[in-house]
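Structural description and commentary
Now for the letters of each chain:
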Amino acid sequence: MTQKLTRADTPQGAAPGPGGRAPDPKRRGDRIFGGFAMGAGILILVILALVAAFLLIQGSPALFSDPAKLISQGYGEFLPWVLPYAFGTVWAAVLALLFAVPVSIGIALFISHYAPRRLAQPLGYVIDLLAAVPSVVFGLWGSLVLAPAAVPLYDWLNTYLGFIPLFGGQVSAGGRNIFTIAIVLATMILPIITSLCREVFLQAPRLHEEAALALGATRWEMIKMAVFPFARPGIVAAVMLGLGRALGETMAVTMVLSGTRNITFELLTSQNPNTIAATIAQNFPEAFGLKTSQLIAAGLVLFLITLAVNMVARWIVSRRAEYSGAN
């Protein structure tokens, strides 16, 4: 038989809640935690806005100065000056994705659905450890080991596939070209994409997989029917996160790529388009005046490119958010 809670039954110092019930201490904790979470979210937005404001204010002299003044001081008009670097940034990151995404998805599928558990767990640890390697180590590996070792491959590609514009031109003697930096960037983003894809694949509904196998599907057919449709938004999110990592890489690109300010799709030559991040790192120590503003404005362009990539990723993921194991 239900008894009504009277004031005498209420804990001392606590006022009865709605309907004469005492307040639940757990709800007070939920409110405190919710306030902290909301504050953290607002803080992130404030920091993002402050970064954008800093870049805009400090780069405004280069953005809004008279082009004739910039040209007379040897800096060049901003948009034609930054366009080759923006192209090189996107081009190197896209090439890295082309190399990294198939390998990452294959490794993630092997760990989640093919490898024995005693092998999958150590292999997952090894892949995760790659994310902890500093970018300067990848830069040293790319410039001292990979670039010289890849020269015979570049010569072969140029000899037999030189009719394709991507492999045309004069091969770089030291191997320090956009193809090499794409391999280095692919190696750097591979653990990020692999780890996220592996977790998404493991979240696929077990009942769906068992149902597909019970209907006579092979392991690969089960993955196509039950795993990939569920994991597609998570894969897109992982790829976009890797793309953001490749867009902002600085040290490895600076150490490996012999970049210039040009726009070309040739992968093997020494005349490679440089990236925004590497250009800032190479020129900022000696920059002053309008040159400093020009480099900061280039940073603003990189900030906008990265922001656009993340917005596109969120839009793609949100289209099928109800099927995503990543949200």
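Just above sits the structure.
Notes on the structure follow. Quick caveat, the model's predicted, so the values are computed rather than measured.

Okay, the environment of Ile 189 next. When you line up the elements, Ile 189 lands in helix H6 (residues 178-202). Residue Ile 189 is classed as buried on the basis of its relative accessible area of 0%. Taking the C-alpha atoms as reference points, Ile 189 and Ser 104, 85 residues apart in sequence, are found 9.0 Å from one another. Residue contacts for Ile 189: discarding those within four places in its chain leaves Ala 96, Leu 97, Ala 100, Gly 242, Arg 245 and Ala 246.

Moving on, we come to the pattern of salt bridges. Applying the stated rule across the entire model yields five salt bridges. Two residues, Arg 206 and Glu 209, come together in a salt bridge whose shortest N-O distance is 3.3 Å. Taken as a pair, Arg 206 and Glu 209 lie in helix H7 (residues 206-214) at a separation of three residues, close to a single helical turn. You can call Arg 206 exposed: its relative accessible area is 56%. In this structure, Glu 210 engages Arg 206 in a salt bridge whose closest nitrogen and oxygen atoms are separated by 3.5 Å. Of this pair, Glu 210 and Arg 206 both sit in helix H7, four residues apart, which is roughly one turn of that helix.

Conventions and cut-offs
- Residues numbered from 1 in each chain as written.
- Predicted model: local features only at pLDDT ≥ 70, side-chain atom pairs only at ≥ 80, totals over all residues.
- Heavy atoms only, no water.
- Helix = DSSP H or I, 4+ residues; strand = E, 2+ residues; numbered from the N terminus.
- Buried < 20%, exposed > 50% of the residue type's maximum accessible area, 1.4 Å probe, protein only.
- Contact = heavy atoms within 4.5 Å.
- Salt bridge = Lys/Arg side-chain N within 4 Å of Asp/Glu carboxyl O.

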